[in-house]
Amino acid sequence: MMLAMFASHPIYRGRLAPSPTGVLHLGNARTFLIAWLRARSQGGALVMRMEDLDHPKNKPGAADAALEDLRWLGFDWDEGPDAGGPHAPYIQTARTAFYARALEALSAKGLVYPCVCSRRDVEAGQSAPHTEDGLFYPGTCRGRFPDYDAARRALPPGRLPAWRFRVPEGETVRFEDGFCGACAQDVSALIGDFVLARDPHGAGYMLAVVADDAEMGITEVVRGDDLLPATPRQLLLYRALGLTPPAFLHVPLVVSEEGRRLAKRHGDTRIRAFREAGMPPEKVIGLLAWWCGWAAWGECLTLRGVLPRFDLSALPRRPAVLTPQVKREFGM
Ligand code: GLU
């Protein structure tokens, strides 16, 4: 009886997955607030995973700084780089063996192929302006090389072929998002065969996030809706790897008044800046909660204090806006 209960109600496992490519700002913090509340409101566990695969964009010290800023705001997690846990390591650059194994599994099923096209080749071949999410790849290297070495010989020394995933033709991937509702995308028409690894050892985000969320037993992914268009690709990978996908819940981002993603020119929205200015973390949490519809303007709250107010149905459907009122109040 007990076993049956556990089987039908798996314990909620969520994750916070910052990339150390920049500093933690109000936008990331708001998404993490929702992810944290979603997990804690169900008595679930939270994993902290550092997504540092994008080396050229990584800023030195940004990983530690992000953890520090989140701790200052009152966040906690049960497993992570600084907390350890049964799925260690929790830093992607230390987990490449998992990604190599996943790539091998896909390769054994004939679902990947080596590709010698450079970004410029792919750009030159675009007939229509590409989607914001990336370039459409028409499958130029599909079936072109018998194996990886043959592809490698076709390239000048110093360049390595990438691995692409063979996307099923004409299939619409459908899923029910926990916030956005019914979603559908024909990956073959919109994106085409996408890159899994830039070289045999260079797994990219798409493969790594699937391998990690599966290995870490994540039951629901809560993240910004900028990643909504990537979810169908990830679902294809779960299926190809024979893995059960988590549930997905994508939330709107914080944007500037013109509706743009937060950038330096919109003012200093770094959590670190508020901390250094001597602002109490409760004031920042109050703003994040206000943006979510869970607090009055100007209210100061701890993270735990927001917990009883967590209500997804009150969360606005539109992005949160960095209004002049917010900027004034927070000295931006
Ligand atoms: N590390 C990614 C980011 O910071 C998030 C990836 C994900 O949630 O799947 O944008």
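Scroll up a little and you will see the structure.
Residues numbered from 1 in each chain as written. Predicted model: local features only at pLDDT ≥ 70, side-chain atom pairs only at ≥ 80, totals over all residues. Heavy atoms only, no water.

Colleague: What am I meant to see in the nonpolar core here?
Modeller: Soluble globular proteins tend to pack their nonpolar side chains together in the buried interior. Membership of the largest hydrophobic core comes to 48 residues, with the highest contact counts inside it found for L26, I34, F75, W291 and W294. Looking at this core, the elements that each hand over two or more residues are α2 (26-40), β2 (45-48), α3 (62-73), β9 (247-251), α10 (271-276), α11 (281-291) and α12 (303-306). With nine residues, the top contributor of residues to this core is α2. If we skip the residues at most four places from it in the chain, W291 touches L26, R30, V254, P316, A320, V321, L322 and V326. (Core = buried A, V, L, I, M, F, W, Y, C linked by side-chain atoms within 4.5 Å. Buried < 20%, exposed > 50% of the residue type's maximum accessible area, 1.4 Å probe, protein only. Helix = DSSP H or I, 4+ residues; strand = E, 2+ residues; numbered from the N terminus. Contact = heavy atoms within 4.5 Å.)

Colleague: Can you help me understand the site of the ligand in this one?
Modeller: Neighbouring the ligand are the residues R15, A17, S19, E51, Y205, V209, R223 and L227. Here a nitrogen atom of the ligand and a backbone polar atom of A17 are 2.8 Å apart. In the model, an oxygen atom of the ligand is placed 2.8 Å from a nitrogen or oxygen of the R223 side chain. Within the complex, 76% of the 300 Å² of free accessible area of the ligand lies under protein. Tallied by class, the residues present in the shell around the ligand amount to four nonpolar, one polar and three charged. (Near = heavy atom within 4 Å. Polar contact = N/O pair within 3.5 Å; in protein donor to acceptor, adjacent residues only side chain to side chain. Areas by Shrake-Rupley, 256 points an atom, 1.4 Å probe, with all protein chains shown as cover. Nonpolar A, V, L, I, M, F, W, Y, C, P; charged D, E, K, R; others polar.)

Colleague: In this structure, what is going on with helix α9 (residues 231-240)? I would like to understand it.
Modeller: Each full turn of the α-helix corresponds to 3.6 residues, which orients residues three or four apart in the same direction. With nine of its ten residues buried, α9 lies for the most part within the structure. Directly beyond the C-terminal end of α9, a positive phi value near 70° is found at G242.

Colleague: Would you mind showing me how to read the sheet that holds strand β7 (residues 195-197) here?
Modeller: Across the sheet, three strands lie side by side as β3-β4-β7; this open sheet has antiparallel pairing. Strands at the two margins of the open sheet, each flanked by one partner only, are β3 (112-115) and β7. Along the sheet, successive strands turn relative to each other by an average axial angle of 45°, direction set aside. As judged from the four bridges shared by β3 and strand β4 (residues 162-165), these two strands associate in the antiparallel manner. Residue pairing in the sheet places P114 in a bridge with W163 of β4. (Pairing = 2+ DSSP bridges. Axes fitted to C-alpha atoms, helices over the stretch in contact; angles between N-to-C directions.)

Colleague: What should I look at first to understand the environment of R198 in this one?
Modeller: If you trace the backbone, R198 turns up in the loop between β7 and α8 (205-215). Once the C-alpha coordinates of R198 and A214 are considered, the two residues, 16 residues apart in sequence, prove to be 22 Å apart. R198 has contacts with L53, L160, P161, A162, A203 and G204, leaving out every residue within four places of it along the chain.

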